[in-house]
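Structural description and commentary
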Amino acid sequence: MLSNLQPQAPDKILMLIEEFKADTRQGKIDLGVGVYKDPQGVTPVMRAVKAAEQRIWETQTTKAYTGLAGEADYRNAMARMVLADVPADRLASVASVGGTGAIRQALELARLANPEVRVFVSDPTWPNHLSIMKFMGLPFTEYRYFDSETRGVDFDGMKADIAKAGKGDIVLLHGCCHNPTGANLTLDQWSEVVAVLEKSGAIPLIDLAYQGFGDGLDADAEATRLVARSLPEVLIAASCSKNFGIYRERTGILMALAENTSARDLAQGSMAYLNRQNFSFPPDHGARIVSTILTDDALRADWAAELEEVRNTMLGLRDQLASELRDLSGSDRFDFIARHRGMFSRLGATPEQVQKLKTDAAIYMVGDSRLNIAGLNRDTVPVLARAIIDAGI
Ligand code: LMR
């Protein structure tokens, strides 16, 4: 039976990790997978995470099963972090296996509720969104998003395309720090998106994987909060991988805002059911780290301060890269790098130019020219800037 299996296309982002490891050149630079690295090139365990783990180790008395939806402490703390004002009478939530698990469960939930569901996704989007939908056999359409001239958002195109989503369809939106482009909507534009969805009855699914990496913990959630306040039904998939630096703990949450309490109860039951079908109980260790931090004033303050350091480091690198490129190119055509937010920017280079960066300068980025800003440091920024110019970008 197993010999009948077909080889699967490797994930392009994950493949880069292996290619980079195998490269023996000195001074190689990894700008591929979205993992934060400090100026020493290390992905650190955050101080508050260490402290929370120690506290858990000292006080935890059992590792018996948690609930199918995960622990209420975790879900409440996350709902407060994301939504600030939590409409408890409308909110269903389950802990998930990372942000990816929340996306998968959200799509499963949408299909359970509407077998005819279509999903509208930005062009481009995180490749795994597409891969999951293809695997599930879910029909999807891309809406215009990235303007390759300005490297900003093609907002008129986006509005026209998402208006084609009908009642009961899903429109997948990146809550902040768009992956892979780094180009984001303003709050005013989010209000216009809300108006389009209000009219059509399509349901937003917000992927919030980088809260705290763009303009700040609260600022990055503003769009999600606006949507949650304005529309009767909203799905939110949030990840703790990046902002808590607990990538391998697989900590995420799926939240569903329903029209009323009885619809909320139906959603809650279906979401717990989906957890049971897919993996039974969600992982607890990462969730417990997060709830320990978010419910303790001192730990929370220390975590928030470290997250700000991470965010400001990335902003500093953006400014430095834009300024080096301004000098080298004698133009402002790379200023979009300073305007983008989050871990990523899409350079707008051709696949050949991306390949040239790899071959000539041992600089690795995703083939669509997405670069991970957090893979840089003050010393490697000038190296990258020079290589970008040399590659004719
Ligand atoms: C990324 O986009 O690089 C991250 O979200 C990691 C991943 O799983 O692809």
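Residues numbered from 1 in each chain as written. Predicted model: local features only at pLDDT ≥ 70, side-chain atom pairs only at ≥ 80, totals over all residues. Heavy atoms only, no water.

Time to look at the nonpolar core. Counting 96 residues, the largest nonpolar core has Met 158 and Trp 303 as the members making the most contacts within it. Split by domain, the residues of this core number at least three in each of domain 1 (11-43 + 310-390) and domain 2 (65-295). Setting aside chain neighbours within four positions, we find Trp 303 in contact with Met 46, Ala 48, Met 81, Leu 217, Asn 243, Phe 244, Ile 293 and Leu 294. Residues Ala 102, Ile 132, Ala 237 and Leu 274 belong to the second largest nonpolar core, which totals 28 residues. (Core = buried A, V, L, I, M, F, W, Y, C linked by side-chain atoms within 4.5 Å. Buried < 20%, exposed > 50% of the residue type's maximum accessible area, 1.4 Å probe, protein only. Domains from an automatic or database assignment. Contact = heavy atoms within 4.5 Å.)

Take a nonpolar patch on the surface next. Side chains of Met 1, Leu 2 and Leu 5 sit close together on the surface and give an oily, nonpolar patch of about 410 Å² of accessible area. Here Leu 2 shows up in the segment before α1 (12-22). Residue classification places Leu 2 among the exposed positions, given a relative accessible area of 60%. (Patch = residues over 30% accessible without salt bridge, like charges linked within 9 Å, V, L, I, M, F, W, Y side chains within 5 Å. Areas by Shrake-Rupley, 256 points an atom, 1.4 Å probe, with all protein chains shown as cover. Salt bridge = Lys/Arg side-chain N within 4 Å of Asp/Glu carboxyl O. Helix = DSSP H or I, 4+ residues; strand = E, 2+ residues; numbered from the N terminus.)

Taken together, Ile 13, Val 33, Gly 34, Trp 126, Asn 179, Tyr 210, Lys 242 and Arg 370 make up the full set of residues adjacent to the ligand. At 3.1 Å from an oxygen atom of the ligand is found a side-chain nitrogen or oxygen belonging to Trp 126. Lys 242 places a side-chain nitrogen or oxygen 3.2 Å from an oxygen atom of the ligand. Relative to its unbound accessible area of 260 Å², the ligand is 81% covered by the protein chains. For the shell around the ligand, the residue count by class is four nonpolar, two polar and two charged. Viewed by domain, the shell around the ligand spans two of them, domain 1 (11-43 + 310-390) and domain 2 (65-295), each represented by three or more residues. (Near = heavy atom within 4 Å. Polar contact = N/O pair within 3.5 Å; in protein donor to acceptor, adjacent residues only side chain to side chain. Nonpolar A, V, L, I, M, F, W, Y, C, P; charged D, E, K, R; others polar.)

How big an interface is tends to be stated in terms of the accessible area lost upon association of its parts. Its domain assignment divides the chain into domain 1 (11-43 + 310-390) and domain 2 (65-295). If you average the C-alpha positions of domain 1 and of domain 2, the two centres end up 28 Å apart. Each partner contributes residues to the interface: domain 1 has 23 residues there, and domain 2 has 22 residues. When domain 1 packs against domain 2, close to 1700 Å² is buried across both sides, 57% of that on carbon and sulfur atoms. (Buried area = accessible area lost by both parts, 1.4 Å probe.)

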